[in-house]
Amino acid sequence: MLLYNSAVSGNCYKVRLLLARLGLEYETVDVSVVDRSNREELLGGLNPGLRVPTLVLDDGRPLAESNAILWYLADGTHDLSDDPYERAQTLQWMFFEQYSHEPYVAVARFLLRYSGEPERYERQRERLLGGGYAALDAMERHLARRAFLVGDNYSIADVSLYAYTHVADEGAFDLEPYPAIREWLERVAAQPGHVTIDA
């Protein structure tokens, strides 16, 4: 498999994390998340959104969007339940990640650390922090009663939300008031096959 990848992207990290956990071999093509001038050349025939990650399967078929890639790779493994209700809950948390978490936590991190224009973060700071903390509050309430997001076991729901939550401090989010999240981050990092974002 071939992964069009950015080393700093949490969305790309999700895919690398699951590939490592499942012991699947792949190669990477590095793509900048800042300089997008060659996206059409690199991804135009593979991903109409021109975004990373984009995974090209061994048979040549491309697959885009991090959570869709996670679902494809995890289907039939221990990281995606075969119970219909738990599968729906997994999608619930993956949709939550894309709509309620990533637009705030990931965007704040990108603007502050990688955009080269951290002043843009200051202009959006209140909105990004407000939305991000609302997402963290929801996760804290849920994780206060359980070890993982869905059922009793680690799953791709945890992979999806771990990626940007564990680096939330890079977007100026303080996780100190979130003991359940901090304990969950430790449990995720202790899973077999775990790799760090900079591995």
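Quick note: structure is the one above.
Since we're looking at a predicted model, the values are computed, not measured.

*Asks:* How should I be thinking about the sheet that holds strand 3 (residues 54-56) in this particular structure?
*Replies:* Strand pairing in a sheet takes place through backbone hydrogen bonds and is either antiparallel or parallel in direction. Taken together, four strands build an open sheet; the order of strands is 2-1-3-4 and the sheet is mixed. Each having just a single partner strand, strand 2 (27-30) and strand 4 (62-64) make up the two edges of the open sheet. Taken pair by pair, the neighbouring strands of this sheet meet at an average axis angle of 20 degrees, ignoring direction. Where strand 3 meets strand 4, three bridges bridge the pair, whose relative direction is antiparallel. Within strand 4, the position partnered with threonine 54 by the bridge is alanine 64. Strands in contact with helix 3 (residues 66-74) are strand 3 and strand 4; relative to strand 4, the strand with the most contacts, it is inclined by about 125 degrees.

*Asks:* Explain helix 6 (residues 156-165) to me, please; I cannot follow it from the model alone.
*Replies:* Of all 10 residues in helix 6, 10 are buried, a share of seventy percent or more. Those residues of helix 6 that sit buried are Ile156, Ala157, Asp158, Val159, Ser160, Leu161, Tyr162, Ala163, Tyr164 and Thr165. The N-cap of helix 6, judged by a side-chain oxygen 3.1 Å from the amide nitrogen of alanine 157 a few residues on, is serine 155.

Cut-off values and rules
Residues numbered from 1 in each chain as written. Predicted model: local features only at pLDDT ≥ 70, side-chain atom pairs only at ≥ 80, totals over all residues. Heavy atoms only, no water. Pairing = 2+ DSSP bridges. Helix = DSSP H or I, 4+ residues; strand = E, 2+ residues; numbered from the N terminus. Axes fitted to C-alpha atoms, helices over the stretch in contact; angles between N-to-C directions. Contact = heavy atoms within 4.5 Å. Buried < 20%, exposed > 50% of the residue type's maximum accessible area, 1.4 Å probe, protein only. Polar contact = N/O pair within 3.5 Å; in protein donor to acceptor, adjacent residues only side chain to side chain.

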